[in-house]
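Residue-level listing of the chains:
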Amino acid sequence: MAKRKVIVTIAPTGGMAFKSQNPHLPTQPAEIAEDVYRCYNAGASVVALHARRPDDQATCDAAIYRDMNQRIRERCDIVLNNSTGGGVHGDMIRETSPGNWEIAWEERLKGMDAGAEMCTLDATTLNLAFGDREYLMNTPLSKARELAAGMKARGIKPEWEVFSPTHIIQDATTLIEEGLDDGPPFINLVMNVHRNFQNAMPFSPRHLQMMVDLLPKNSVFCVSGIGPSQLEANISALLLGGHARVGLEDNLYYRHGELATNVQLTERIVRIIRELDMEPATPAEARQIMGLPRTDGPRPEFAA
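Residues numbered from 1 in each chain as written. Predicted model: local features only at pLDDT ≥ 70, side-chain atom pairs only at ≥ 80, totals over all residues. Heavy atoms only, no water.

Notes on the sheet that holds strand β3 (residues 46-49)
Then, in step 1: As summarised here, the arrangement of the eight strands in space is β2-β3-β6-β9-β12-β13-β14-β15, forming a closed barrel in which the pairing is parallel. Averaged over all pairs of adjacent strands, the angle between their axes in this sheet comes to 25°, without regard to strand direction.
Then, in step 2: On the sheet, helix α6 (residues 205-213) packs against β12 (157-162), β13 (186-191) and β14 (220-225) and is oriented at approximately 155° with respect to β13.
Then, in step 3: Relative to the sheet, helix α8 (residues 262-275) contacts β2 (8-10) and β15 (243-246), its axis offset from that of β2 by approximately 170°. (Pairing = 2+ DSSP bridges. Helix = DSSP H or I, 4+ residues; strand = E, 2+ residues; numbered from the N terminus. Axes fitted to C-alpha atoms, helices over the stretch in contact; angles between N-to-C directions. Contact = heavy atoms within 4.5 Å.)

Spelled out as structure tokens, the structure:
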């Protein structure tokens, strides 16, 4: 029998951490592209990209995304996934009234306009707490529908970002059943960010099993274990038939007290996948598993 193929997603940057927290964090297009290429060679088949301005602050500027996408595509055929969540600083935030902050909706939309074949879709409203500030990520169903329809019109495959069971059975499932994803749905279960994201789930194997049981029919899933739960969440996902996501966006450390690199995190999960008698999927195999390219829209510029 053929070995099961596992999609390894590398999330190299994110929209939160800075180099002051881990000097290995890539933030500019050239260094991100170099890091992604090394992770591709180590076994990653999807890259979840966040853009940063020249001052390292978060943005969804399509020109910066396009620069990254171009640099990466010139080197390899890894699946390109651009964020429409953005981050919690830089262009992504605005003060709506004294002391009240939100993640700017119009900035999030820009993430769809850089030619990527996938984009993240946070189909839920969240309240994020970082330091002494709280940020509203306001995504009612109408706005989530706008994102999903915008992706469909551009031929982009959504990666549904969910943080709790209700995000699965209410928001994501509603839009999937409306035909806004031509399947199979690719769903990222984000766990263990509950200290910063209101209504998010802490990680435990039992919590993960519950969320997997609620997924829409024929879903393909991966797990983002945030912080120290990254490794055990990935192993649990593999045992449940899912896929793995690693990277400095989710976890800055290799082990307690030891800062990580993206390549180290990729190499470790690939070793574990092979020890479990599975194989990391190639980008072509990952596209086949996720249903890429989409059949109901144009072909994105950087689709391989």
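This is not the end of the story, as more comes after the structure.
Examining the environment of Asp132
Then, in step 1: With respect to the helices, strands and loops of the structure, Asp132 is situated in the loop between β10 (126-130) and β11 (133-137).
Then, in step 2: What makes Asp132 exposed here is its relative accessible area of 78%.
Then, in step 3: C-alpha of Asp132 to C-alpha of Leu239: the two residues are 107 residues apart in sequence and 39 Å apart in space. (Buried < 20%, exposed > 50% of the residue type's maximum accessible area, 1.4 Å probe, protein only.)

What to know about the pattern of salt bridges
Then, in step 1: This structure, assessed with the given rule, holds 25 salt bridges.
Then, in step 2: Here Lys110 makes a salt bridge to Glu107, at a shortest N to O gap of 3.0 Å.
Then, in step 3: On the basis of relative accessibility, which here comes to 14%, the residue Glu107 falls in the buried class.
Then, in step 4: The salt bridge partner of Glu279 is Arg274, with a shortest N-O separation of 3.4 Å.
Then, in step 5: For Glu279, a relative accessible area of 22% translates into the label partly exposed.
Then, in step 6: Given the relative accessible area of 47%, Arg274 is considered partly exposed.
Then, in step 7: Salt bridges linked by common partners bring Glu34, Asp35, Arg38 and Arg75 together as one network. (Salt bridge = Lys/Arg side-chain N within 4 Å of Asp/Glu carboxyl O.)

Regarding the packing of aromatic side chains
Then, in step 1: A complete count under the given rule lists four aromatic pairs for this structure.
Then, in step 2: When the ring of Tyr37 is compared with that of Tyr40, the centres are 6.1 Å apart and the planes differ by 20°; the resulting orientation is stacked. Placement of both Tyr37 and Tyr40 in helix α1 (residues 29-42) is noted, with a separation of three residues, approximately one turn of the helix.
Then, in step 3: For Tyr37, a relative accessible area of 28% corresponds to the partly exposed category.
Then, in step 4: The interplanar angle of 80° and the centroid separation of 6.3 Å between the aromatic rings of Phe130 and Phe197 together place this pair among those described as edge-to-face. Linking Phe130 in strand β10 with Phe197 in the loop between β13 and α6, this pair joins segments that are 67 residues apart in sequence.
Then, in step 5: The ring centre of Phe18 lies 5.7 Å from the NZ or CZ of Arg52, which sits over that ring.
Then, in step 6: One Lys or Arg, Arg268, reaches over the ring of Tyr254 and ends 4.1 Å from the middle of that ring. (Phe/Tyr/Trp six-rings, centres within 6.5 Å; stacked < 30°, edge-to-face > 60°. Lys NZ or Arg CZ within 6 Å of the ring centre and 35° of its normal.)

Here we look at the nonpolar core
Then, in step 1: Leu49, Ile72, Ile78, Leu80, Leu128 and Ile269 are the most contacted members of the largest nonpolar core, which totals 55 residues.
Then, in step 2: With sequence-adjacent residues up to four places away left out, Ile78 is seen in contact with Ile10, Val36, Tyr40, Ala44, Ser45, Val46, Val47, Ile72, Arg73, Glu117, Pro283 and Arg287. (Core = buried A, V, L, I, M, F, W, Y, C linked by side-chain atoms within 4.5 Å.)

Regarding the packing of α1 against α8
Then, in step 1: The geometry of α1 relative to α8 is characterised by a closest axis approach of 9 Å and an angle of 15° between their N-to-C directions. If you check the angle between α1 and α8, you find them roughly parallel. Like other packed secondary-structure pairs, α1 and α8 cross with a definite hand, here right-handed. On the side of α1, the interface is formed by Asp35, Arg38, Cys39 and Ala42, while α8 contributes Asn262, Val263, Thr266, Glu267 and Val270.
Then, in step 2: Partitioned by chemical class, the residues of the contact of α1 with α8 number four nonpolar, two polar and three charged. (Parallel < 35°, antiparallel > 145°, perpendicular 65-115°, else oblique. Left-handed = near helix turned anticlockwise from the far one by under 90°. Nonpolar A, V, L, I, M, F, W, Y, C, P; charged D, E, K, R; others polar.)

A few points about the sheet that holds β11
Then, in step 1: Taken in spatial order, the four strands line up as β7-β8-β11-β10 in an open sheet, and their pairing is mixed. Sheet topology places β7 (93-97) and β10 at the edges, where each strand pairs with a single neighbour. Taking each pair of neighbouring strands and ignoring which way they run, the sheet shows an average axis angle of 35°.
Then, in step 2: Note: strand β8 (residues 100-103) against β11, two bridges, orientation parallel. Opposite Glu102, over in β11, you have Leu136 as the bridge partner.

Structural notes on α1
Then, in step 1: Across its 14 residues, α1 extends 20 Å between first and last C-alpha, which sits within 8% of the 20 Å expected from 1.5 Å per residue.
Then, in step 2: All of the buried residues in α1 are Pro29, Ile32, Ala33, Asp35, Val36, Cys39 and Ala42.
Then, in step 3: Next to the buried residues of α1 lie β2, β3, α2 (62-73) and α8.
Then, in step 4: In the stretch just after α1, Gly43 is the one whose phi turns positive, near 130°. (Expected span 1.5 Å × (residues − 1).)

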